[in-house]
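# Structural features, examined
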Amino acid sequence: MESDEAVQSTNDDASECKKSAVRLGYWNDRFLPILVRSSERKPPEINRGYFARTEGVAIFIRNFLKIAGPKCQIINFGAGFDTLYWRLKDQECKFESFTEVDFPSVTARKCYAIKRSKVLLDGLGVTDGEVRLSSTELHGGNYHLVGADIRNLPEVALKLRESEVNFQLPTLFLAECVLVYIESTSVSNLLSWLTSQFPLSLFVNYEQVNMDDRFGEIMLENLRARGCPLSGVDSCKSLDSQINRFIMTNWDGAKAWTMVEIYAAIDGSERERVEKIELLDEQELLTQLFQHYCICVAWKGDMFHEISLSEYDD
């Protein structure tokens, strides 16, 4: 569908924005330039916003790994050109498996890039003979990249089984600006299915919030103009609506924070470092952006019910 193609193009936009921030030193990612060739410099508020997004999600990933221990797995929905797997391996993080799911047209491009990169292939920690590769999918070591439409649950289930996912292990689900593009019924079906299949799990969702004001309306208009109707925007009206989406689909609990709160929770010395990288003239614009994005976490089972935004005050 035309709207699917427009949504897939947002992967390129996000990847280019991350590349801009990485080039300036907001965070380290030696793998992203392999996947993303663009070198266009983005405005300071965009660079800082992507830093907050990346570090905010990372706080919960680190907390998950700390609580779950090495016998766990990560499933990244709508992963695009994300390099998280390789960055975690660089940091010597331990997990049983890591699965990325996206449209086959996106995974095909990522497979092609991985296949051509010694750095990415070496990062899988296996020899060439141990990598199973097709035009749209790759399985190597504990890394799995599969093409699927997450609205199609039988297809998702099949791809997870092919990725040797263990449904009984503690599982982290990641979604960054993914659910908002999907019809609410399909999102509810996915979230309900996950709770029925994974008894110990944590879902970390990054996307828009507070979309009912004028700033939110302009964001919606800009995306619609690009052919990206936000089919799931009803769940993005407030932090409460974000939480309720999970509670109504049988998750045991959920919490949500705007990016204003997320940014404030990042280590002070790290914030001080990044704020010196570029002069920010549009502080008000950055604050507005932070007010209109959030991270919502939901858990199934008792293991993650005390999950916290802060990792600095145990």
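A quick note: this is a predicted structure, and the numbers were derived from the prediction, not measured. Per chain, residue numbering runs from 1 following the sequence as it is written. Under the rules for a predicted model, residues below a pLDDT of 70 receive no local features and side-chain atom pairs below 80 are neither given nor counted, while totals for whole chains, interfaces and linings still include all residues. Values shown for side chains rest on all heavy atoms present in the structure; no hydrogens or waters enter the calculation.

The next point concerns the packing of aromatic side chains. Think of it this way: a Phe, Tyr or Trp ring, Trp meaning its six-membered ring, pairs with another when their centres are within 6.5 Å, and the plane angle makes it stacked under 30 degrees, edge-to-face over 60, tilted otherwise. Counting across every chain of the model gives 18 aromatic pairs. Relative to Y293, the ring of Y206 has its centre 5.5 Å away and its plane inclined at 10°; by these criteria the two rings are stacked. With Y206 in strand β7 (residues 201–208) and Y293 in strand β9 (residues 293–300), this residue pair connects regions lying 87 residues apart in the sequence. In this structure, Y206 and Y293 share a single accessibility class: buried. Where Y263 meets F290, the ring centres are 5.3 Å apart and the plane angle is 35°; that geometry is what we call tilted. The helix and strand labels rest on DSSP assignments: H or I over at least four residues marks a helix, E over at least two residues marks a strand, and numbering proceeds from the N terminus. Exposure is judged per residue with a 1.4 Å probe applied to protein chains only, and the accessible area is read against the type maximum: over 50% gives exposed, under 20% gives buried, and values in between give partly exposed.

Turning next to helix α5 (residues 104–115). Take the residue count of a helix, subtract one, and multiply by 1.5 Å to get its expected span. Compared with an ideal rise of 1.5 Å per residue, which puts 12 residues at 16 Å, α5 spans 16 Å between its outermost C-alpha atoms and is within 8% of the ideal. Of the positions making up α5, those classed as buried are V106, T107, K110, C111, A113 and I114. For α5, the angular spread of buried residues about the axis comes to 165°, placing them on one side. Here, the arc refers to the directions that run from the helix axis to the C-beta atoms.

Tracing the chain through its elements places E137 in the loop between β3 (131–133) and β4 (138–140). Polar contact is defined as a pair of N or O atoms within 3.5 Å, subject to the rule that within protein one atom must be able to donate a hydrogen and the other to accept it, and that residues adjacent in sequence are counted only when both atoms are side-chain atoms. A distance of 3.3 Å separates a polar side-chain atom of E137 from the backbone nitrogen of G147. Polar contacts involving the side chain of E137 include one to the side chain of K159, which spans 2.7 Å. Here a residue-residue contact requires only that any non-hydrogen atoms of the pair lie within 4.5 Å. Excluding anything up to four places from it in sequence, E137 contacts C111, R132, L145, V146, G147, K159 and E162.

The periodicity of an α-helix, 3.6 residues per turn, causes residues three or four places apart in sequence to face the same way. For helix α10 (residues 239–247), the set of buried residues is S241, Q242, I243, R245 and F246. Its side-chain oxygen at 3.3 Å from the backbone nitrogen of D240, S238 defines the N-terminal cap of α10.

We now examine the packing of helix α7 (residues 153–162) against helix α8 (residues 184–197). Two numbers describe how α7 lies on α8: the axes approach to 11 Å, and their chain directions differ by 40°. By the angle between their axes, α7 is oblique relative to α8. Regarding α7 and α8, the two cross each other, and that crossing is right-handed. The residues of α8 that touch α7, namely those facing L153, V156, A157 and L160, are N189, L190 and W193. Axis geometry follows a simple rule: fit a line to the C-alpha atoms, using only the stretch in contact for helices, then measure angles between N-to-C directions, giving values from 0 to 180 degrees. Geometric relationships in this document are graded by angle, where less than 35 degrees denotes roughly parallel, more than 145 denotes roughly antiparallel, 65 to 115 denotes roughly perpendicular, and other angles denote oblique. Left-handed is the label given to a crossing in which the near helix is rotated counterclockwise from the far helix by less than a right angle, and right-handed is the label when the rotation is clockwise.

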